Structures are given as C-alpha cells and as structure tokens.
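# Coordinate inspection notes
These are the residues of each chain, in order.
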Amino acid sequence: MIRVTIYNEFVHEKEYEEVKKVYPQGIHTCIANFLKEDSDIMVRTATFEEKEHGLSEEVLSDTDVLIFWSHARQDEFSDEVALRVKKHVLRGMGLVALHSAHYSKVMKTLLGTSMTLKWHHGETERLWCVNPTHPIAEGVPEVIELPMEEMYGEFFDIPKPDDVVFAGWFSGGNVFRSGCTFTRGYGKIFYFQPGHEEYPIYYDKNIQKIIKNAVRFVNPVVRKESDLECVGQ
Ligand code: ZN
C-alpha cells in the first residue's frame, strides 16, 4: 500500500462562494476521492487549521507520499512544520506539490530558489507532454486542453529539474515548465502547475491520471535506517 497524505490549506473553499461551488468539500476531498479508486493507495487528509496543520511527526512518519496544495496561508505556515516536511523528504518521503504550492515554505526550503513566476487569471491552457517515456506520462495524451486555467509563465525561478515532463502553453502566449521532477536527499519531488481553485481542474480524468502516476513515481523505495543517518538531521 502507498500511504498518501493530502495537505490542502482549505481556506479559499470556505471564503469564496465561487470556489465553494467547484470544491464544496475542499480540494483535498476531491483528490482523496479519485485516489481512493485505486486499491493500492491509502489516503488521509490534513488542513491548515488543524494542529500542526495536520502534519505532525506521527503523521509524516506514517506517510509515503505527501500531496501539497497551498496559497492563502503560505506566510502563516509554521516554519517548524515546513522543516519537518523537508526532513521527511530528505529521508525518502515523496512530495507532489500542486499549483500555487510552488511558493510554499516547504518548496522554497527544499529547492532553495525564489520560486517566482509570471501569472494572471483566466486563460486556456494546452498542457503538452514533452517526455512521453517518463513514468508520470504513462497513459497520458500528448496534449490536454484546460478551457480555463490561471496562467503561470516563465521565467520560473526553479533549480534545473531532473526532468521536465509537461510544458504548458497559454492562450495569451506564455509558456511554462508545468511538470518538473527534482530529487532532494532520498526523496523525489514532482511539481505540477494545473489546479487553480476557481476552475474544476482536479475533476479532469487526465489530470487525475497524472497525479496518480506521480504518486507512484515519488513513492519511496524501502531503505535501511542506517542509510538515512547522514540526511535529514
Ligand atoms: Zn491559482
């Protein structure tokens, strides 16, 4: 079994009617529901308002893959919890960071760059697979059209990725490295751009397939504790 924890801030869905209409039970519940279709995946969820944001040492020790969506409370997110997540990634926990989580403390501390990008609302995106032999692209079409998405554009200040799996083209002309993999310590990271909260992106079957593939890709290989002595201290 792959033990997945889905962290979603769960703030926009409670504050804005238009977001609540799209995700009445929150983005985390939508993602949990499609992951639960797969019998080899176990899911739990965590939100900002929970104690330690639902990401206690106990929870992270029992997590193979952390999915992370955040936006409105990135500054208020606990430094201690961000460092705890980093420690677990360095020791092998997989991380799938979605959409605006690029700018989370967790991603900034793991990747070490400013993580800034260009953005504005309301464009059509064509998400092109630029790495069709990559495991995250398995069973995914060459191009996925998202009728409405927030534009994220280059320059995206990330360290050089291990692989770029998807590239986004937006109707205003911008392009973006929309699906990138990184390795930190023993942990694998996948950053995936689609998923602005006002649009029903996580109901798209192809987007769901990519997230499921990513969970399996970043799922850690089993290691001996002695291998991990040098990391995550
Ligand atoms: Zn957004």
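Up top is the structure.
We now turn to the structure provided with this report. (Residues numbered from 1 in each chain as written. Predicted model: local features only at pLDDT ≥ 70, side-chain atom pairs only at ≥ 80, totals over all residues. Heavy atoms only, no water.)

### Structural notes on the pattern of salt bridges
Within the structure shown, the criterion is met by 17 salt bridges. In this structure, Arg-3 and Asp-64 form a salt bridge, with 2.8 Å as the shortest nitrogen-oxygen distance. Here Arg-3, found in strand 1 (residues 2-8), pairs with Asp-64, found in the loop between helix 4 (57-61) and strand 3 (65-69); they are 61 residues apart in sequence, far enough to count as distant. Here Asp-64 falls in the buried class, since its relative accessible area comes to 11%. The salt bridge involving Glu-52 is made with Lys-51; its shortest N-O contact spans 3.7 Å. Classification of Glu-52 by relative accessible area gives partly exposed; the value is 31%. Each member of the salt-bridge network shares a partner with another, and the members are Glu-37, Asp-38, Asp-40, Lys-212 and Arg-216. (Salt bridge = Lys/Arg side-chain N within 4 Å of Asp/Glu carboxyl O. Helix = DSSP H or I, 4+ residues; strand = E, 2+ residues; numbered from the N terminus. Buried < 20%, exposed > 50% of the residue type's maximum accessible area, 1.4 Å probe, protein only.)

### Here we look at helix 5 (residues 79-90)
Here helix 5 spans 17 Å end to end across 12 residues, near enough to the 16 Å set by a 1.5 Å rise per residue. Considered for burial, the residues of helix 5 that qualify are Val-81, Ala-82, Arg-84, Val-85, His-88, Val-89 and Leu-90. The N-cap residue of helix 5 is Ser-78: its side-chain oxygen and the backbone nitrogen of Glu-80 are 3.1 Å apart. Positive phi shows up at Gly-92, right after helix 5, with a value of about 120°. (Expected span 1.5 Å × (residues − 1). Polar contact = N/O pair within 3.5 Å; in protein donor to acceptor, adjacent residues only side chain to side chain.)

### Here we look at the side chain of Asn-131
With respect to the element layout, Asn-131 can be found in the loop between strand 5 (118-129) and strand 6 (143-153). According to the relative accessible area criterion, Asn-131 is buried, its value standing at 17%. Ignoring anything within four residues of it in the chain, the contact list for Asn-131 reads Ala-137, Asp-163, Val-164 and Val-165. (Contact = heavy atoms within 4.5 Å.)

### Some details on the coordination of the zinc ion
In the first shell of the zinc ion, the protein supplies His-99 (NE2), Glu-150 (OE) and His-196 (ND1), at 2.0 to 2.1 Å from the metal. The sequence pattern formed by the donor residues of the zinc ion is H-x50-E-x45-H. Of this pair, Glu-150 sits in strand 6 while His-196 sits in the loop between strand 9 (187-192) and helix 7 (205-218), and the two are 46 residues apart along the sequence. Assigned by exposure class, Glu-150 and His-196 land together as buried. (Donors = N, O, S within 2.8 Å, 3.2 Å for Na, K, Ca; no water.)

### Things to note about the sheet that holds strand 8 (residues 175-184)
Reading across the sheet, the 9 strands line up as 2-1-3-4-9-8-7-5-6 and stay open at both edges, with mixed pairing between neighbours. For this open sheet the edge positions go to strand 2 (41-47) and strand 6, each flanked by a neighbour on one side alone. Averaged over all adjacent pairs, the angle separating strand axes in this sheet is 25°, with direction ignored. Two elements, strand 5 and strand 6, share 8 bridges in a ladder whose sense is antiparallel. Bridging across to strand 6, Lys-118 finds its partner in Gly-153. Along the sheet, helix 5 contacts strand 3, strand 4 (94-98), strand 8 and strand 9; its crossing angle with strand 9, the most-contacted strand, is approximately 120°. (Pairing = 2+ DSSP bridges. Axes fitted to C-alpha atoms, helices over the stretch in contact; angles between N-to-C directions.)

### Points about unusual backbone geometry
For the peptide bond that leads from Glu-154 to Phe-155, omega is 15°, which places it in the cis range. Of note, Phe-155 is situated in the loop between strand 6 and strand 7 (163-170). For His-53, which is not a glycine, the phi torsion comes out positive at approximately 55°. Looking at the secondary structure, you find His-53 in the loop between strand 2 and helix 4. Positive phi is not limited to glycine here, since His-99 has a value of about 50°. Structurally, the position occupied by His-99 is in the loop between strand 4 and helix 6 (105-111).

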